[in-house]
Amino acid sequence: MIELKDVGKVYNASDGDHRALDHINLTIADGDMFGIIGESGAGKSTLVRHLNLLERPTEGRVIIDGVDITDFQGKELRELRASIGMIFQNFSLFQQRTVLQNVMFPLEIRREPKAQNAERAHELLRLVNLDDKAKRYPSELSGGQKQRVASARALANNPRYMLCDEATSALDSRTTMQVLDLLADINANLGVTMVLITHSLAVARRVCNRIAVIDSGHIVEEGTTDEVFTNPQSEVTRELLGWGSDSASDRADGGDSEGGER
Amino acid sequence: MAEFFDNYGALLAQGTIDTLVMTIASCIFAYVIGLPLGIWFAVTAPGGLKPNTAVNTVLGWIINIGRSIPFIILLVAIIPFTRLVVGTSLGVPGAVVPLTVAAAPFVARIVEQSLAEVDKDLIEAAHSFGSSNAQIVVKVLLKESLPSLVRGAAITFVNLFGYSAMAGTVGAGGLGDIAIRYGYQRFQGDVMLAAVILCVVLVQVFQSLGDWLARSIDKR
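Quick notes on the rules
Residues numbered from 1 in each chain as written. Chains lettered and ligands numbered in written order. Predicted model: local features only at pLDDT ≥ 70, side-chain atom pairs only at ≥ 80, totals over all residues. Heavy atoms only, no water. Contact = heavy atoms within 4.5 Å. Buried area = accessible area lost by both parts, 1.4 Å probe. Salt bridge = Lys/Arg side-chain N within 4 Å of Asp/Glu carboxyl O. Polar contact = N/O pair within 3.5 Å; in protein donor to acceptor, adjacent residues only side chain to side chain. Helix = DSSP H or I, 4+ residues; strand = E, 2+ residues; numbered from the N terminus. Nonpolar A, V, L, I, M, F, W, Y, C, P; charged D, E, K, R; others polar. Pairing = 2+ DSSP bridges. Axes fitted to C-alpha atoms, helices over the stretch in contact; angles between N-to-C directions. pLDDT = per-residue confidence, 0-100. Phe/Tyr/Trp six-rings, centres within 6.5 Å; stacked < 30°, edge-to-face > 60°. Buried < 20%, exposed > 50% of the residue type's maximum accessible area, 1.4 Å probe, protein only.

Section: the interface of chain B and chain A
And step 1. In this assembly, 21 residues from chain B lie in contact with 24 residues from chain A.
And step 2. Summed over both partners, the interface of chain B with chain A comes to about 2,200 Å²; 57% of that surface belongs to carbon and sulfur atoms.
And step 3. Considering only the surface of chain B that becomes buried against chain A, Phe129(B), Lys139(B) and Lys219(B) emerge as the three largest contributors, covering 32% of it.
And step 4. Run the count over chain B and chain A and you get two salt bridges.
And step 5. Taking the shortest distance from any N to any O, the salt bridge between Glu124(B) and Arg49(A) comes out at 2.5 Å.
And step 6. Connecting chain B to chain A are nine residue pairs in polar contact (both at pLDDT 80 or more).
And step 7. Elements that contribute at least two residues to the side of chain B that touches chain A include exactly helix H6 (120–128) and helix H7 (133–144) of chain B.
And step 8. Of the residues that constitute the side of chain B that touches chain A, the class distribution is seven nonpolar, six polar and eight charged.

Right, dumping it as structure tokens:
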């Protein structure tokens, strides 16, 4: 279980402080496929980076499986991160490593025996159906294949949690569905709790069981996918769904909703 | 033609060897000093793995000062230091020390540039798997920038090759020295031309070798 308690994040910039997250309270239960939706700039990528401390909160606590990890440093922090898989919008595969070497990277980092690593990596590549590409380089793969390799890599350390930062945003709709099905599969069959960051309602609706909507650093709505889609409580969600009183088309111009009623 | 080679063949061969020894040796030593310096410079840069403005600024000064001193001045100015290191300021050893000192800051700079080109997303991904900074330097920064580092090494090599022409000043010989002594001072244009052609050919060969190597290891 992942808990965020009153998490806030303020960036100090030369032109004044910028508040990216404000009083975030979230609980992600084991087995969840938890979607965090919001417009670009809403703070969702910042939020997900607090779960493995790629970003550190300036306020509040991050608690994983009952352990307060907020102040983890050094080895403790690295081991925590290793136990949480992560995939990224632009795949972030190492260009100068083969597919197999990419999947082995997280194991290599933990200094696991090499022969065992290769075996484990092949096993993961079979899981994502790409073992035949083991010796290829990322530049030789399609976008969907890259994200599947990245998913295999994220699973290398048998994580209990997996963070997906706009994992399908760079993919076309057909490949998006394939990758989403793979993630749902990992969630269902391996019992990996997923946190999915996306700006796409369709993506969240297809695979998530719970959804939080974030806007300007605030969680404006949280509930089961059905609740959020059928009975949205906040103006922001209604607008995202295209139900807004002042019509959805206005949202395209950057989504500056400061002052919007919530 | 045959007569020319009888007279000057041995001279040109020795010059080629001297030039190559000077260039290769100083290139290796320049990397021994410049590579760690360049890594340190990149790591402490703003937005780097471990930003440190004070260290980075000082390193920047050292590197820039080193790069701005004209080689012919450096060659003479550090003679006491050269003597301290190799016991003489003359000959090939006497040239390798100043060549190394001149090239190390250049190497540091191009290494830093190569490392800075590595996609920040990859560094973040490596962090997300629990990598330490040292692991990121070796397994991500150096690994991902290897083709670029090889191209940088080829440039360094060619630069040192050019600098080594001035090593004749301290009696280290080499092709540049032959070209100056025979061509410029004795008006033996044919010897000068032969030395210059050898220089051109060698530079082409090493540059092409570097380009080929960089291309063949680049998997992007």
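Some points on the sheet that holds strand S1 (residues 2–13) of chain A
Residues and elements named next belong to chain A.
And step 1. On the basis of which strands lie adjacent, the open sheet formed by four strands has the order S2-S1-S4-S5 and antiparallel pairing. Each having just a single partner strand, strand S2 (16–28) and strand S5 (67–68) make up the two edges of the open sheet.
And step 2. Pairing of S1 with S2, which is carried by nine bridges, proceeds in the antiparallel orientation. Within the sheet, the bridge partner assigned to Tyr11 lies in S2 and is His18.

Regarding the pairing of strand S4 (residues 59–64) of chain A
Residues and elements named next belong to chain A.
And step 1. Bridge count for S1 against S4 is five bridges, and the pairing is antiparallel. Within S4, the position partnered with Leu4 by the bridge is Val62.
And step 2. Two elements, S4 and S5, share two bridges in a ladder whose sense is antiparallel. From the neighbouring strand, Ile64 faces S5, where its bridge partner is Val67.
And step 3. Linkage of S4 to S5, two consecutive antiparallel strands, is achieved through a turn of two residues, within which Asp65 is found at a positive phi near 50°.

A short note on the sheet that holds strand S7 (residues 161–165) of chain A
Residues and elements named next belong to chain A.
And step 1. Overall, mixed pairing links the six strands, which are arranged S6-S7-S8-S3-S9-S10 in an open sheet. Unpaired on one side and paired on the other, strand S6 (84–87) and strand S10 (218–224) mark the two borders of the sheet. Between one strand axis and the next, the sheet turns by 15° as a mean value, whatever way the strands run.
And step 2. Both strand S9 (residues 210–215) and S10 contribute to a ladder of six bridges, which runs antiparallel. Directly across from Ile211, in S10, lies its bridge partner Gly223.

Thoughts on the confidence of the model for chain A
Residues and elements named next belong to chain A.
And step 1. The predicted model of chain A averages 90 in pLDDT, with 93% of residues at 70 or higher.
And step 2. Looking over chain A, one finds the lowest element-wise mean pLDDT in helix H9 (residues 235–240), namely 86, and the highest in S7, namely 97.
And step 3. Low pLDDT, under 50, characterises residues 247–262; the stretch is placed with 17 contacts to residues that sit more than four places away or in other chains.

Brief notes about the packing of aromatic side chains
Residues and elements named next belong to chain B.
And step 1. Scanning the model with the defined rule gives seven aromatic pairs over all chains in all.
And step 2. Ring plane angle 50° and centroid distance 5.2 Å describe the contact between Phe4 and Tyr8, whose orientation is recorded as tilted. In this pair, Phe4 and Tyr8 are both assigned in helix H1 (residues 2–44), four residues apart and thus about one turn of the helix distant.
And step 3. Assessed through its relative accessible area of 16%, Tyr8 is described here as buried.
And step 4. Their ring planes at 80° and their centres at 6.0 Å tell us that Tyr8 and Tyr182 sit as a pair that is edge-to-face. With Tyr8 in helix H1 and Tyr182 in helix H9 (residues 175–185), this pair connects stretches of sequence that are 174 residues apart.

What to know about unusual backbone geometry
Residues and elements named next belong to chain A.
And step 1. Look at Leu53: it is not a glycine, yet its phi comes out positive at around 60°.
And step 2. Of note, Leu53 is situated in the loop between helix H1 (44–49) and S4.
And step 3. Phi at Glu166 is positive, roughly 50°, even though this residue is not glycine.
And step 4. When you line up the elements, Glu166 lands in the loop between S7 and helix H6 (173–190).
And step 5. On the basis of relative accessibility, which here comes to 7%, the residue Glu166 falls in the buried class.

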